[in-house]
Amino acid sequence: MRRPIAAATALLAGCLMLSGCGRDETTSILGADALVAGVRPDLPGIGLRRPDGTFEGLDVDVSRYLAERMGKKVRFVPALARDRERLLRDGDVDMVLTFWIEPEWKQRLAFAGPYLLSYQDILVRDGEKKVRGVRDLRGRRICAVTGSGAAEAVTVEREVPAVPVTARSYDECMVMLGDGRIDAVTTNDTILAGLKTRQGAGFRLLNSRFGERRTGIAIRQGDPDGCEALNRAITEMYQDGTMAKFMHTWFGASGLDLSDVEVPQFEGCL
């Protein structure tokens, strides 16, 4: 009888050392004193890392508000599109913001919210007159940020034969758009509005709004209580007018339509 017991003990010890045997999947964010929020470091107006290492933007303000409503502190970790799922899976963050709620990702992650309804749009150089909507991207070079899914929304969902050009970040997209290596950047209108506001002259937001995007907060699966707590805090953020204030602060000068800032219909916590 000693051999099975010893083997089981060794297996348990090895499991705890390696990955916690699913601990990350079953531990609620409600048990943490401080939440670790993954936010984009490369999106002005959404999430941007300053030279001193601190973060600013809508997602930073939203994270602080939600954490405060849940009685917690919050700290921030940079989460580029290509890294965000890994950061959640490895337990390096508790939640990731600016994450489209899509069926593919819902198979592996859980989502609170959405906390923001936006539309996909297109940013071009100011002198570009032939691109007026998504169909005009046929044969055009568009930026494809690794892990984003925005380019696929054009080429796959809408079957527009644009030419994706891979980039690591939207900063890289803007450099390529400026020097002519690509013809357009397409993603959330809020992301594009932030980029346009930072860059100023030389670029134009089309306001073509060709696809609603439900932007949620990704968390690990198996935490319905944590998800519901986030949803309650999101509801309060809209009802007390804080979300409208955040939106005007970060996008008020961009030309983005901010006349209807209402709490979105939630996906529901499974």
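Comments concerning the overall build of the protein
Right, on to step 1. On a plain count of helices and strands, the protein comes out with ten helices and twelve strands.
Right, on to step 2. Here the C-alpha coordinates of the protein stretch approximately 80 × 40 × 35 Å along the principal axes.
Right, on to step 3. Look at the contacts in the protein between residues 6 or more apart in sequence, and 72% of them connect residues 24 or more apart.
Right, on to step 4. Carbon and sulfur atoms make up 50% of the accessible area of the protein, which amounts to about 13100 Å² in all.
Right, on to step 5. On the protein, the mean spot of the 37 positive side-chain charges and the mean spot of the 38 negative ones are 4 Å from each other.

Considering the packing of helix H3 (residues 58-69) against helix H10 (residues 242-251)
Right, on to step 1. Taken N-terminus to C-terminus, the directions of H3 and H10 make an angle of 160 degrees; their axes are 10 Å apart at the nearest point. In terms of axis orientation, H3 runs roughly antiparallel to H10. Crossing of H3 against H10: the hand is right-handed. Residues Leu58, Asp61, Val62 and Tyr65 of H3 pack against Thr242, Met243, Phe246, Met247, Trp250 and Phe251 of H10.
Right, on to step 2. For the contact of H3 with H10, the per-class residue count stands at eight nonpolar, one polar and one charged.

Some thoughts on the state of the cysteines
Right, on to step 1. Applying the stated rule across the entire model yields two disulfides.
Right, on to step 2. The disulfide that involves Cys143 links it to Cys173, with 2.0 Å between the sulfurs. Across the S-S bond of Cys143 and Cys173 the torsion is about -85 degrees, and the bridge reads as left-handed. Remark: Cys173 occurs in helix H7 (residues 170-179) and Cys143 occurs in strand E8 (residues 141-145); sequence separation between them is 30 residues.
Right, on to step 3. You can call Cys143 buried: its relative accessible area is 3%.
Right, on to step 4. For Cys173, a relative accessible area of 0% puts it in the buried group.
Right, on to step 5. With its sulfur 1.9 Å from that of its partner, Cys227 forms a disulfide with Cys269. Torsion about the S-S bond of the Cys227 and Cys269 cystine: about -75 degrees, corresponding to left-handed handedness. Separated by 42 residues along the polypeptide, Cys227 in helix H9 (residues 224-239) and Cys269 in the segment after H10 bring together distant segments of the chain.
Right, on to step 6. Residue classification places Cys227 among the buried residues on the basis of a relative accessible area of 2%.

Criteria and cut-off values
- Residues numbered from 1 in each chain as written.
- Predicted model: local features only at pLDDT ≥ 70, side-chain atom pairs only at ≥ 80, totals over all residues.
- Heavy atoms only, no water.
- Helix = DSSP H or I, 4+ residues; strand = E, 2+ residues; numbered from the N terminus.
- Contact = heavy atoms within 4.5 Å.
- Areas by Shrake-Rupley, 256 points an atom, 1.4 Å probe, with all protein chains shown as cover.
- Lys, Arg positive; Asp, Glu negative; His and termini not counted.
- Charge placed at Lys NZ, Arg CZ, Asp CG, Glu CD.
- Axes fitted to C-alpha atoms, helices over the stretch in contact; angles between N-to-C directions.
- Parallel < 35°, antiparallel > 145°, perpendicular 65-115°, else oblique.
- Left-handed = near helix turned anticlockwise from the far one by under 90°.
- Nonpolar A, V, L, I, M, F, W, Y, C, P; charged D, E, K, R; others polar.
- Disulfide = S-S within 2.5 Å.
- Buried < 20%, exposed > 50% of the residue type's maximum accessible area, 1.4 Å probe, protein only.

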